[in-house]
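Architecture at a glance
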2 protein chains.
Amino acid sequence: MSSPRVVFRATDFERPLVTVDVVIFTVMAEQLCVLLVRRPESDGEPYPARWALPGGFVDVDRDASLLACAERKLRDKTGVAAPYLEQLGSWGDAKRDPRGWSSTHAYFALIPQPEAVDASATTTTEWVPCDQAARRRLAFDHNTILSTAIERLRSKVEYTSLPAFLLPEPFTLPQLQRVYEVVLGRPLDKSAFRKRMLDADYLEEAGMVTGDHGRAAMGYRLRERDQATVFPRTFKSGE
Amino acid sequence: MSSPRVVFRATDFERPLVTVDVVIFTVMAEQLCVLLVRRPESDGEPYPARWALPGGFVDVDRDASLLACAERKLRDKTGVAAPYLEQLGSWGDAKRDPRGWSSTHAYFALIPQPEAVDASATTTTEWVPCDQAARRRLAFDHNTILSTAIERLRSKVEYTSLPAFLLPEPFTLPQLQRVYEVVLGRPLDKSAFRKRMLDADYLEEAGMVTGDHGRAAMGYRLRERDQATVFPRTFKSGE
DNA sequence: CCCTTTGAGTTGTACTGTACAACTTATATG
DNA sequence: CATATAAGTTGTACAGTACAACTCAAAGGG
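None of these values were measured; they are calculated from a predicted model.

1. Details of the overall build of chain A
Each helix and strand counted, chain A has 5 helices and 10 strands in total. A burial count over chain A gives 35% of its 239 residues as buried. Within chain A, counting contacts between residues at least 6 apart in sequence, those at least 24 apart form 63% of the total.

Okay, structure coming up:
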């Protein structure tokens, strides 16, 4: 990369733009929703007034790391401090941003339904059902990122406890099952579902919860708020 | 690129350094190995003479995209043009590179055992068994990246056809099983393994292959060279 | 040329987890 | 108190793995 005499310095390379975007999911009214923000209309901004995923440039003075940057953007938009946050992937090429070669680090977050949807911010921020959001023409390559996020979420829901992060605690098993079904888009068997959740031993009981109708249900909390539980897959080992 | 009135331009942000690193796996002598390169000792280079993952700066003039950049680096180091190549994740913070705030996009590649290990390049390039490589003190945060890659590979091997990309075609089912066992570090049941591979229908027969001893075995090729097959997981749907 | 060795490939039983469906139990409401 | 509603359980069928014994084909030695 360098020859003995002519020292080739890092600064000799033209540096791409670096951004972080966050796909923030929640479940509202039995629908998987994603948070979109409206691009500013100021002069010089690309994709003015277009809907986009929340995100923006890494600030090398404020952000200690990419993760910290993602957390900051999430906190700014939702006020949520410690959600489930996972890296989704990165996208970078010469043309995705008209301002130059740019790369974005995408994260995805799962949060319980936000209490109050701030009405004043409704013109610049909106919770949109996923399938509907995916059909809008979003800024940059955000349609690709959103699709990937939805795909990844659906895929992981098949064998992890991710949906538990979409519910406020304590939640009941039927509530949790409904979230699984909403995300997956298909019904699940009740008894198999319950067995799987309880056998995995990632929930702890948190007292009975009474609903509007019918029998009261056991409420549960996550034992570990930090990470998702992976349910047993195949190639079982004898260990 | 910007108009006179604009308050806040993209170029107002100090741009981080952007690199791409590739974790290249293969199987040699019944061991999972990874390719390491030696850092240059020239003046000004960080981590001189340290072993590192192959990678380097994105060249905005040559690389159309991050993936193209990863492919270029892989081609440069191995000559392999169309391997299995998947994004692993990205790492970025203020301190990982002494030259400044930097972020790297890491990829991982699977290639069949390279024919001839170029002896002339042996001082700057080396295939190292994974567990051994993980114990070396690598440059930057490459120990973290390598660990993540190994973990991801092991995890995906449990439910995908990834090991097939580590073998030259045609390969036999016993050979494939051995690769699975090498990567996973535990023996697998022969009959369950065979049933799973054949039921997935991702292989096509390619004539008998005779080994050194014993009965000849059926050779197989991948139907699709592009993507891995995911074996059935749980929450089976009735569709 | 047979017989043994080696590895490929098959068969069969036990066990575990899901699929499907009927059932019991607990709470709110008229 | 009867009924509706939802929580939670039980039981049978089926599919996939675990474990282990078996058959089959090719190479090599006496």
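2. Quick look at the packing of helix H4 (residues 173-184) of chain B against helix H5 (residues 190-200) of chain B
Residue and element names in this part refer to chain B. Axis separation between H4 and H5 bottoms out at 11 Å; the angle between their running directions is 105°. By the angle class used here, H4 and H5 are roughly perpendicular. For the pair H4 and H5, the contacting residues are Leu173, Leu176 and Gln177 in the first and Lys190, Phe193, Arg194 and Met197 in the second. Looking at the contact of H4 with H5 residue by residue, the class counts come to 4 nonpolar, 1 polar and 2 charged.

3. A closer look at helix H1 (residues 66-78) of chain B
For an α-helix, 3.6 residues make a turn, and residues three or four places apart therefore share a direction. Between the first and last C-alpha of H1(B) there are 18 Å, a value that for 13 residues agrees with the 18 Å anticipated at 1.5 Å per step. In the segment just after H1(B), Gly79(B) is the residue with positive phi, at about 80°.

4. Overview of the sheet that holds strand E10 (residues 217-222) of chain B
All names here are of chain B. Taken in spatial order, the 3 strands line up as E8-E10-E9 in an open sheet, and their pairing is antiparallel. A single partner strand is all that each edge strand has here, and the edge strands are strand E8 (171-172) and strand E9 (203-209). The sheet contact formed by E8 and E10 spans 2 bridges and is antiparallel. Bridge pairing in E10 places phenylalanine 171 opposite tyrosine 220.

5. A word on the nonpolar core
The nonpolar side chains of a soluble globular protein tend to be buried, and buried together. Grouped together as the largest cluster of nonpolar side chains are 115 residues, with contacts concentrated most on Val23(A), Phe25(A), Val34(A), Val23(B), Phe25(B), Val34(B) and Ala109(B). Ignoring any residue separated from it by four or fewer positions in sequence, one finds Val23(B) in contact with Val34(B), Leu53(B), Leu88(B), Ala106(B), Phe108(B), Ile145(B), Leu146(B) and Ala149(B).

6. Concerning the confidence of the model for chain A
Mean pLDDT over chain A stands at 89; residues scoring 70 or higher make up 89%. Considering only residues more than four positions removed or in separate chains, one finds that residues 1-5 of chain A, a stretch of pLDDT under 50, has 9 contacts.

Definitions and limits used
Residues numbered from 1 in each chain as written. Chains lettered and ligands numbered in written order. Predicted model: local features only at pLDDT ≥ 70, side-chain atom pairs only at ≥ 80, totals over all residues. Helix = DSSP H or I, 4+ residues; strand = E, 2+ residues; numbered from the N terminus. Buried ≥ 20, exposed ≤ 12 C-beta atoms within 10 Å, placed from the backbone. Contact = placed C-beta atoms within 7 Å. Axes fitted to C-alpha atoms, helices over the stretch in contact; angles between N-to-C directions. Parallel < 35°, antiparallel > 145°, perpendicular 65-115°, else oblique. Nonpolar A, V, L, I, M, F, W, Y, C, P; charged D, E, K, R; others polar. Expected span 1.5 Å × (residues − 1). Pairing = 2+ DSSP bridges. Core = buried A, V, L, I, M, F, W, Y, C linked by C-beta atoms within 7 Å. pLDDT = per-residue confidence, 0-100.

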